[in-house]
Amino acid sequence: MSHDIVRPAHRGRLVIGCQDGPGIIAATSRFLADRGANIVHSDQHTSDPDGGDFFLRMVFDLPGLPERLGDIAGQFGDIRQHFGMDVRWALEGESRRIAIFVSAEDHCLLELLWHIRAGDLHADVALVISNHADLEMTVAPWGIPFYFIPVNASAKAAAEAHQQELLAAAGVELIVLARYMQVLSPAFVAQWRHRVINIHHSFLPAFVGARPFAQAAARGVKLIGATAHYANEELDAGPIIEQDVIRVDHRHDVAALRRISRAIERAVLARAVGWHVDDRIFVAGNKTIVFS
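Residues numbered from 1 in each chain as written. Predicted model: local features only at pLDDT ≥ 70, side-chain atom pairs only at ≥ 80, totals over all residues. Heavy atoms only, no water.

## Some remarks on the pattern of salt bridges
Okay, step 1: Counted according to the given criterion, the structure contains 12 salt bridges.
Okay, step 2: Salt-bridge contacts for Glu105 lead to Arg179; the nearest nitrogen and oxygen are separated by 3.1 Å. You can see Glu105 sitting in the loop between β5 (96–102) and α4 (107–118) and its partner Arg179 sitting in the loop between β8 (174–177) and α7 (186–191), a full 74 residues away along the chain.
Okay, step 3: Classification of Glu105 as partly exposed rests on a relative accessible area of 27%.
Okay, step 4: Looking at Arg179, the relative accessible area reads 6%, which means it is buried.
Okay, step 5: In the salt-bridge network here, residues are joined through shared partners; they are Arg13, Arg88, Glu92, Glu94, Arg96, Glu173 and Asp279. (Salt bridge = Lys/Arg side-chain N within 4 Å of Asp/Glu carboxyl O. Helix = DSSP H or I, 4+ residues; strand = E, 2+ residues; numbered from the N terminus. Buried < 20%, exposed > 50% of the residue type's maximum accessible area, 1.4 Å probe, protein only.)

Shown next as structure tokens:
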């Protein structure tokens, strides 16, 4: 599934992560200026002024960029090596290939598809994978390949191996767990470090694990929320990307909390995925830096 995004064909972005030190912004800006680029937006953050991690995201215009990007990235090699940088160059108009994992609920899946169709989320959905067949007819009108892969304890390794094969063949860059009610194995997550986004239907770290609405109702909470985070080897403990809340009261039972939560989940997940595909998220330890 693809969508044409109206952006300048000569606009690109450069994202950098490295150890902080003097001269990084100066060297990078000078490199772009020497090649005729005009920087139109720049964000930077240092995790610790006394020598922590440094993160930089620059958006720039440069005539002929689609044809020149590969050469420019190669020419940046000396600066990258000098500062020990992790670097990503991208065209602003390009879409990232994602896979959506679902189970039986469709609200997060449909929200992502609607955002992509509207051009608000710069992604192509390469495939949808589910451990239930329920949503196959929901996905069919969108023209996206749907794969039903049952998962049970005795065949979990085989199911994940099949998933990995499909992801590799489709050139997927990001996995989105859109209410996928299975826990990915540590080995699976390790291969997709900081490239699996999960939506949790509570305001983490509160009410981790199963039955969060029953837990919330039993505690008489006044706020409920949703949390989008990168999945890691520990359940619901990966770096948090985005959160939101809605006020509730004693009149809301478990069913009402669940209904209200779906609206928050949709919005929170869509924002998190959008920030990832636009290279706005940097992971520092077990937390994220998100550039607006």
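## Observations concerning the environment of Asp253
Okay, step 1: In this structure, Asp253 sits in the loop between β11 (240–247) and α9 (254–277).
Okay, step 2: Asp253 gets classed as partly exposed once you look at its relative accessible area, which sits at 46%.
Okay, step 3: In this structure, the C-alpha to C-alpha distance between Asp253 and Ala217, residues 36 residues apart in sequence, is 6.6 Å.

## Notes on the environment of Ile16
Okay, step 1: Inspection of the secondary structure puts Ile16 in strand β1 (residues 11–19).
Okay, step 2: Residue Ile16 is classed as buried on the basis of its relative accessible area of 0%.
Okay, step 3: Separated by 149 residues in sequence, Ile16 and Glu165 place their C-alpha atoms 30 Å apart.
Okay, step 4: Setting aside chain neighbours within four positions, we find Ile16 in contact with Thr28, Phe54, Phe55, Leu56, Phe76, Met85, Asp86, Val87 and Phe282. (Contact = heavy atoms within 4.5 Å.)

## Topic: the packing of aromatic side chains
Okay, step 1: Under the criterion given, the structure shown has 8 aromatic pairs.
Okay, step 2: Between Phe76 and Trp89 the ring centres are 5.4 Å apart and the planes differ by 85°, which places this aromatic pair in the edge-to-face class. Of this pair, Phe76 sits in the loop between α2 (65–75) and α3 (77–83) while Trp89 sits in strand β4 (residues 86–91), and the two are 13 residues apart along the sequence.
Okay, step 3: The exposure class assigned to Phe76 is buried, which follows from its relative accessible area of 1%.
Okay, step 4: With a centroid separation of 6.5 Å and an interplanar angle of 65°, the aromatic rings of Phe101 and Phe188 are classed as edge-to-face. Residue Phe101 is found in strand β5, and its partner Phe188 is found in helix α7; the two are separated by 87 residues along the sequence. (Phe/Tyr/Trp six-rings, centres within 6.5 Å; stacked < 30°, edge-to-face > 60°.)

## Description of the nonpolar core
Here is a general trend for soluble globular proteins: nonpolar side chains tend to be buried in one another's company.
Okay, step 1: By size, the foremost hydrophobic cluster in this structure holds 40 residues, and its most contacted members are Ile100, Leu112, Val128, Leu269 and Val273.
Okay, step 2: Broken down by element, this core gets its largest block of residues, 9 residues, from α9.
Okay, step 3: Setting aside residues no more than four positions away along its own chain, Ile100 makes contact with Leu109, Leu112, Leu113, Val125, Leu127, Val128, Ile129, Val176 and Ala178. (Core = buried A, V, L, I, M, F, W, Y, C linked by side-chain atoms within 4.5 Å.)

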